[in-house]
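# Breakdown of the fold
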Amino acid sequence: MQPSGERVTYTDVGAVCQDTYLLLRAGETERGALYKAAVEQLGARGPIAHAAQEEWKSRLAVRIARHGLREVVRELSRHGVKTADRARAWTEPNLVRPHSDRDFELLLTWLDLPIQPTFGYATMLRRALYQASAEIGEQLEEAASVADMVALQRDGMLSLEVKRAGFR
C-alpha cells in the first residue's frame, strides 16, 4: 500500500503489477472529461478557446484528407515543423496543441491562421487542463485516503467520489 499522497499517479502500463489498482472512469474517456473540465474552468473564455481549437484542427484535418498524411508531413517539415509526423495526432480533440511553441506557430502559419489569438487560447487551455488534472488527482487521492481498502481488496473494485461533477 502506497503512503498518503502517492496512491493516485500516472504510470506506464509496464509498471502495473500485483497490488496496483487501476482507476477507471465510467462513460467518456478521462481525457474527454478533463478537457471539458478545463474548458469550464476558463469560464466565458472557455467556449472561445474551444472554438479556436476546432478551427485550427479542422483546417489541419481537411488538409490531411485532401492531400494525404504523407504530403502534409512533408510540407510541414519543409516549413520547419520538427514534429510534423504528429500531424494526425494534433487533430484529436483532446490533444490541445503541439508541445513545441515554435512548431505550433509554424503550423498555424502554414494553416493560414494568425498566430494570435489561437496560440494564446491553446496555451491557456493547456494550462487549465494541467490544473484540472492536478485538482482531480488531489481529490482522488483524498477519496482514496478515506476509502475502505479492505472492501477494495475483497471485492476487487471500489467507487471513489470526488467534488468535481462528472468524476468518480
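Located above this text is the structure these notes cover.
I will try to describe carefully the structure that is included in this document. Remember, it's a predicted structure, so these values are computed and weren't measured experimentally.

Rules of the game
Position labels on residues start from 1 in each chain and follow its written sequence. It should be noted that, the model being predicted, local features are given only for residues of pLDDT at least 70 and side-chain atom pairs only at 80 or more, the latter also being counted only at that level, while totals for whole chains, interfaces and linings use all residues. Side-chain figures throughout are based on the complete set of non-hydrogen atoms in the structure, without hydrogens or water. Burial classes follow relative accessibility: with a 1.4 Å probe on protein chains only, a residue under 20% of its type's maximum area counts as buried, one over 50% as exposed, and anything between as partly exposed. Working definition: helices are DSSP H or I runs of at least four residues, strands are E runs of at least two. Numbering for both runs from the N terminus. Contacts: residue pairs with any heavy atoms within 4.5 Å of one another. Any pair of nitrogen or oxygen atoms within 3.5 Å is treated as a polar contact; in protein, a donor-acceptor pairing is required on top of that, and neighbouring residues in sequence qualify only through side-chain atoms on both sides. To be clear, the arc concerns the directions from the helix axis to the C-beta atoms. Every case where a carboxyl oxygen of Asp or Glu lies within 4 Å of a side-chain nitrogen of Lys or Arg is listed as a salt bridge.

Right, let's get into helix H5 (residues 101-110). Considered for burial, the residues of H5 that qualify are Asp103, Phe104, Leu106, Leu107, Leu108 and Trp110. Considering only its buried residues, H5 is in contact with helix H2 (45-67), helix H3 (69-78), helix H4 (87-90) and helix H6 (115-146). Regarding H5, its N-cap is Ser100, as a side-chain oxygen of that residue lies 3.3 Å from the backbone nitrogen of Arg102 further along. Count one or two residues on from H5 and you reach Asp112, which has phi positive near 60°.

Let's shift gears to H3. Along H3, the residues classified as buried are Val72, Val73 and Leu76. End-on, the buried residues of H3 take up no more than an arc of 100°, which puts them together on one face. Opposite its buried face, H3 presents the exposed residues Arg70 and Arg78, each directed more than 90 degrees away. For H3, the secondary structure elements touched by its buried residues are H2, H4 and H5.

A few words now on the environment of Glu92. When you line up the elements, Glu92 lands in the loop between H4 and H5. With relative accessibility at 44%, the residue Glu92 sits in the partly exposed group. Measuring from C-alpha to C-alpha, the distance between Glu92 and Ser58 comes to 9.8 Å, with 34 residues separating the pair along the chain.

Summed over the entire model, instances satisfying the criterion amount to seven salt bridges. Between Asp112 and Arg63 there is a salt bridge whose closest N-O contact spans 3.1 Å. Of this pair, Asp112 sits in the loop between H5 and H6 while Arg63 is found in helix H2, placing the two residues 49 residues apart along the sequence. Of the residues examined, Asp112 reaches a relative accessible area of 57% and is grouped as exposed. Between Glu71 and Arg78 there is a salt bridge, with its nearest N and O atoms 3.4 Å apart. Relative accessible area serves as the criterion here: at 23%, Glu71 is assigned to the partly exposed category.

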